[in-house]
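The residues making up each chain are set out below.
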Amino acid sequence: MSAQVLSRSAQKLRPSVFSELTPRIKELGERCIPLHIGDTYRLPPQAALSALQRVASEELGTTRYFRYTHPFGRAELLEEVSKKLVRDNGIAVPPSGIQITCGATQALCALAQSYLDPGDEVIVLCPHWPLIRGIVETVGGKVVDAPYKETIEDPGAVLKPLLTERTKVVYFANPNNPDGRLLNGTEAERLYRFCAEHDLHIWSDEAYEHIVFDGREKVSIGSLDSGADSPRVASVFTFSKSFGMAGMRVGYVAAHPSLMESIRKVSTHQIYDLSDLTQELALAALKQTPDQYQAFLSEQTREYEKARDLLHTAFPDSEKSPGGAYLFVEFENREQAWNTMLAWLEKGVSSAPGEAFGGLHPNYLRLCFTAVPFSRLKEAVEIIRSVPRA
Ligand SMILES: Cc1ncc(COP(=O)(O)O)c(C=O)c1O
């Protein structure tokens, strides 16, 4: 078939950065210690597992979980998410300001399609989550890279020169993938004020909202939007990271109901609705008792912090990520990073190349410390230590 039929934006999408490495990873099979993707070895909360068991035993033979559900999300889940947003994020939105989505990924796709006309620009704080670039570009938007650290220190100095009449949105992940950087109260306020002064909207991607280390402060920028005259923040969350449920594909986006009306229409046209079973498990995770909920998240943070510290022993000169699931390690140049990545892979440890995370970090590698249990991570650290930097 002629490729002419495909849209320019589809043809321009980059293949997965891992595609070059996939044959070797496949060949290694079980022997590969997969630190290249952001997954977890942990089980979801017991409440979610019990819900799955209950559904399997009580609803087998009924059509309960095989029917369509409401396109915005189940009413009960919207209620619980609304309570959670106040409690965990300081974001006051009613259920009518929430859309349940197929993970944070589709939440961001719905935002891109809701906000952007071809040629509109999105400033993306870098290094950035790999998929955001393609999400913006497939609807004809243009990504403008800005350095994360410098931007949150002084948004005016960094962002002002990048503004054009097509600049519409600032996107960032908080905590960030790949380097775990996050926003404290002062930084969030500074960035919010700058965006308000320049009439910019904000997409706050908080996929790693609960994974924050060393007792640090992490502020959801959407909390500053509650009660604002011109609401400008859409906050994106997921059950993938906080509750180890990536395979269930459930997330949500929260924004002022005036913005949500369009986001909901777009989401309906993208996926119609989300599996009821998936929503049942998400609901179970949120409806744990407050003690169970806190205990699950605290234990997770403790384990991940220990894992971060272990992996960091292999890179004592690198920054210790303040949150998230990865170390982002600097090398002298792209070639050294790439050769080291290949040398680790030869010995069974996979990692992700820096160029996946925007144009500003080709000399970096990202390694996930939540993907495998501690004992396996230890093996990876030994392998990494045994390989001299190329
Ligand atoms: C920063 C960030 N945003 C969004 C996502 C997508 O999450 P989900 O599994 O909910 O689609 C990820 C997944 O790794 C991520 O790292």
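Note that the coordinates shown come from a computational prediction; the quantities given were computed from them, not determined experimentally. (Residues numbered from 1 in each chain as written. Predicted model: local features only at pLDDT ≥ 70, side-chain atom pairs only at ≥ 80, totals over all residues. Heavy atoms only, no water.)

### Structural notes on the site of the ligand
By nearness alone, 13 residues border the ligand, and Ala104, Thr105, Asp205, Thr238 and Arg249 come closest of all. Ala104 has a polar backbone atom sitting 2.6 Å from an oxygen atom of the ligand. Note that an oxygen atom of the ligand is positioned 2.9 Å from one of the side-chain N or O atoms of Lys241. Within the complex, 92% of the 400 Å² of free accessible area of the ligand lies under protein. Here the element with the most residues in the shell around the ligand is helix α5 (residues 103–115); it accounts for 3 residues. Looking at side-chain class alone, the shell around the ligand contains 5 nonpolar, 5 polar and 3 charged residues. (Near = heavy atom within 4 Å. Polar contact = N/O pair within 3.5 Å; in protein donor to acceptor, adjacent residues only side chain to side chain. Areas by Shrake-Rupley, 256 points an atom, 1.4 Å probe, with all protein chains shown as cover. Helix = DSSP H or I, 4+ residues; strand = E, 2+ residues; numbered from the N terminus. Nonpolar A, V, L, I, M, F, W, Y, C, P; charged D, E, K, R; others polar.)

### A word on unusual backbone geometry
Cis rather than trans, the peptide bond between Cys126 and Pro127 has omega equal to 0°. Examined against the element boundaries, Pro127 turns out to sit in the loop between β3 (121–126) and α6 (131–137). In this structure, Pro175 follows Asn174 across a cis peptide bond, with omega equal to -5°. Along the chain, Pro175 falls in the loop between β5 (167–173) and α9 (185–197). For Asp199, which is not a glycine, the phi torsion comes out positive at approximately 50°. Locating Asp199 in the fold gives a position in the loop between α9 and β6 (201–205). Classification of Asp199 by relative accessible area gives exposed; the value is 53%. (Buried < 20%, exposed > 50% of the residue type's maximum accessible area, 1.4 Å probe, protein only.)

### As for the side chain of Asn174
Here Asn174 is to be found in the loop between β5 and α9. Separated by 3.0 Å, the side chain of Asn174 and the backbone nitrogen of Leu183 make a polar contact. When sequence neighbours within four positions are dropped, the list of residues in contact with Asn174 reads Tyr148, Arg181, Leu182, Leu183, Asp205, Glu206, Lys218 and Val219. (Contact = heavy atoms within 4.5 Å.)

### Details of the sheet that holds β6
An order of β2-β8-β7-β6-β5-β3-β4 is seen for the 7 strands of this open sheet, with the pairing classed as mixed. A single partner strand is all that each edge strand has here, and the edge strands are β2 (98–101) and β4 (142–147). With strand direction ignored, the average angle separating the axes of adjacent strands in the sheet is 20°. As defined by bridge partners, β2 adjoins strand β8 (residues 251–254) across 4 bridges and the pair is classed as antiparallel. Paired with Gln99 across the two strands is Val253, which belongs to β8. (Pairing = 2+ DSSP bridges. Axes fitted to C-alpha atoms, helices over the stretch in contact; angles between N-to-C directions.)

### Thoughts on the nonpolar core
Within the largest apolar cluster, 39 residues are counted, with the highest numbers of intra-cluster contacts made by Leu311, Phe315 and Trp344. Looking at this core, the elements with two or more residues in it are α2 (22–28), α13 (290–312), β9 (326–330), α14 (334–346), β12 (364–368) and α15 (374–386). Both domains that meet at this core, namely domain 1 (3–44 + 291–386) and domain 2 (67–286), each give it at least three residues. Discounting residues that sit within four places of it in the chain, Leu311 has contacts with Leu327, Leu367, Cys368, Phe369, Leu377, Val381 and Ile384. (Core = buried A, V, L, I, M, F, W, Y, C linked by side-chain atoms within 4.5 Å. Domains from an automatic or database assignment.)

### A closer look at the domain arrangement of the protein
Partitioning the protein into structural domains gives domain 1 (3–44 + 291–386) and domain 2 (67–286). If you average the C-alpha positions of domain 1 and of domain 2, the two centres end up 23 Å apart. In this assembly, 31 residues from domain 1 lie in contact with 36 residues from domain 2. For the pairing of domain 1 and domain 2, the buried interface totals around 2700 Å² over both sides, and the portion due to carbon and sulfur atoms is 60%. (Buried area = accessible area lost by both parts, 1.4 Å probe.)

### Observations regarding the packing of helix α4 (residues 75–89) against helix α12 (residues 276–286)
Contact geometry of α4 with α12 gives a least axis separation of 10 Å together with a crossing angle of 35°. By crossing handedness, the relation of α4 to α12 is classed as left-handed. Packed against α4, whose contacting residues are Glu76, Leu77, Glu80, Val81 and Lys84, the element α12 presents Gln279, Ala282, Leu283 and Leu286 at the interface. Of the residues in the contact of α4 with α12, the class split is 5 nonpolar, 1 polar and 3 charged. (Left-handed = near helix turned anticlockwise from the far one by under 90°.)

### Comments concerning the sheet that holds β12
Ordered in space as β9-β12-β11, the 3 strands form an open sheet in which the pairing is antiparallel. A strand with exactly one partner marks an edge of an open sheet, and here the two such strands are β9 and β11 (352–353). Bridge analysis of β9 against β12 gives 5 bridges, and the strand direction is antiparallel. By the bridge assignment, Glu330 is partnered in β12 with Tyr364. Across the sheet, α14 touches β11 and β12, and the angle it forms with β12 is around 35°.

### Focus on the packing of aromatic side chains
All chains considered together, the criterion is met by 15 aromatic pairs. Geometrically, the ring pair formed by Phe328 and Phe357 is edge-to-face, given 5.6 Å between the ring centres and 80° between the ring planes. One end of the pair, Phe328, is in strand β9; the other, Phe357, is in the loop between β11 and β12, and 29 residues separate them in sequence. Residue Phe357 is classed as buried on the basis of its relative accessible area, which comes to 1%. For the pair Phe328 and Tyr364, a centre-to-centre distance of 4.6 Å together with 20° between the ring planes defines the contact as stacked. A residue pair is termed long-range when its members are at least 10 positions apart, and Phe328 in strand β9 and Tyr364 in strand β12 qualify at 36 residues. (Phe/Tyr/Trp six-rings, centres within 6.5 Å; stacked < 30°, edge-to-face > 60°.)

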